Amino acid sequence: MKATCLIKSVLTLTCFVLGTMSARPAPPAGLENIEWCDIWMAHANETNQPRVLLIGDSITRAYYDKVESRLAGRAFVGRLATSAFISDPVLLQEITMTLDEYPCDVVHFNNGMHGWQHTEAEYQAAFPKFSETIKAHAPHAKLIWANTTSLKVSPPVTPGDHASATDERIDARNRIALGFIEADGLAVDDLNSLTRGRPDYHSDNVHFNDAGTDLQARQVAGQIERALGIR
């Protein structure tokens, strides 16, 4: 029964995302060459434990399994990992659909490592609607903002290059997000400081190896435990 419900949920969510993307009259400016979405809801038909949703990208997807293992028996953990930039309306549709289908007690969320072809001014303009969408569709949830992680090696800033990831741009996006998050009084999970300046935690310039994801999962799970009041 669990497997059947889980497969049904994944198929339903996948069809929705494909449908919304194909329904666009024209793609918005600034899409990446490959856009993707991975929604995974374990224990989809069970309600006897608190439900947690991790929203992010491939970084979130990498530490998800370890967070789920750490909270096993105390909370159900799902994920919404996506490449959609914060101003892409599809991101808001993904969030809305997931939270409406699966009410959550905690939402641990991030957006910032994709969409480098977009300016930080666009990021700032889009952030309020992004966070308001989460609040509107998870009105009773504790919200935790996870800032964006730094690179293994940040390339030098080149004048006129507005489409590359650098630690300077990551820091700018984190400052923008923090302004909104602090104004809302939300908790902050500082994943950036956790691994910054530690190339030994990286598997490539963006992603993390087992040691890095272990460290992140321990911190993420601890934040969720505090939010839920569990140990």
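Predicted model only: the values in this text are computed from it and were never measured. (Residues numbered from 1 in each chain as written. Predicted model: local features only at pLDDT ≥ 70, side-chain atom pairs only at ≥ 80, totals over all residues. Heavy atoms only, no water.)

Enquirer: Looking at this structure, how should I read the sheet that holds strand β4 (residues 106-109)?
Expert: Pairing between the strands of a sheet comes from backbone hydrogen bonds, and it takes one of two forms, parallel or antiparallel. Spatially, β1-β3-β2-β4-β5-β6 is the arrangement adopted by the six strands of the open sheet, whose pairing is mixed. Each end of this open sheet is capped by a strand with a single partner; those strands are β1 (37-41) and β6 (187-189). Strand-to-strand twist across the sheet, computed as the mean angle between neighbouring axes with direction ignored, equals 20°. With four bridges joining them, strand β2 (residues 51-56) and β4 adopt parallel strand pairing. Looking at the pairing, isoleucine 55 lines up with phenylalanine 109 of β4. Of the strands in this sheet, β1, β2, β3 (76-82) and β4 are in contact with helix α3 (residues 89-101), which crosses β3 at around 165°. The strands touched by helix α4 (residues 120-137) within the sheet are β2, β4 and β5 (142-146), with β5 carrying the most contacts at an inclination of about 150°. (Pairing = 2+ DSSP bridges. Helix = DSSP H or I, 4+ residues; strand = E, 2+ residues; numbered from the N terminus. Axes fitted to C-alpha atoms, helices over the stretch in contact; angles between N-to-C directions. Contact = heavy atoms within 4.5 Å.)

Enquirer: Explain the packing of helix α2 (residues 58-70) against helix α7 (residues 210-228) to me, please; I cannot follow it from the model alone.
Expert: Any two packed helices are characterised by how steeply their axes cross, that is the angle between the axes, and by the distance between the axes. One can describe the packing of α2 onto α7 by two numbers: an axis separation of 8 Å at closest approach and a directional angle of 60°. Here α2 lies oblique to α7, going by the angle between them. Read as a crossing pair, α2 and α7 show a hand that is right-handed. Counting all contacts with α2, which are made through Ile59, Ala62, Tyr63, Lys66, Val67 and Arg70, the residues of α7 involved are Asp210, Thr213, Asp214, Gln216, Ala217, Arg218, Val220, Ala221 and Ile224. Split into classes, the residues belonging to the contact of α2 with α7 amount to eight nonpolar, two polar and five charged. (Parallel < 35°, antiparallel > 145°, perpendicular 65-115°, else oblique. Left-handed = near helix turned anticlockwise from the far one by under 90°. Nonpolar A, V, L, I, M, F, W, Y, C, P; charged D, E, K, R; others polar.)

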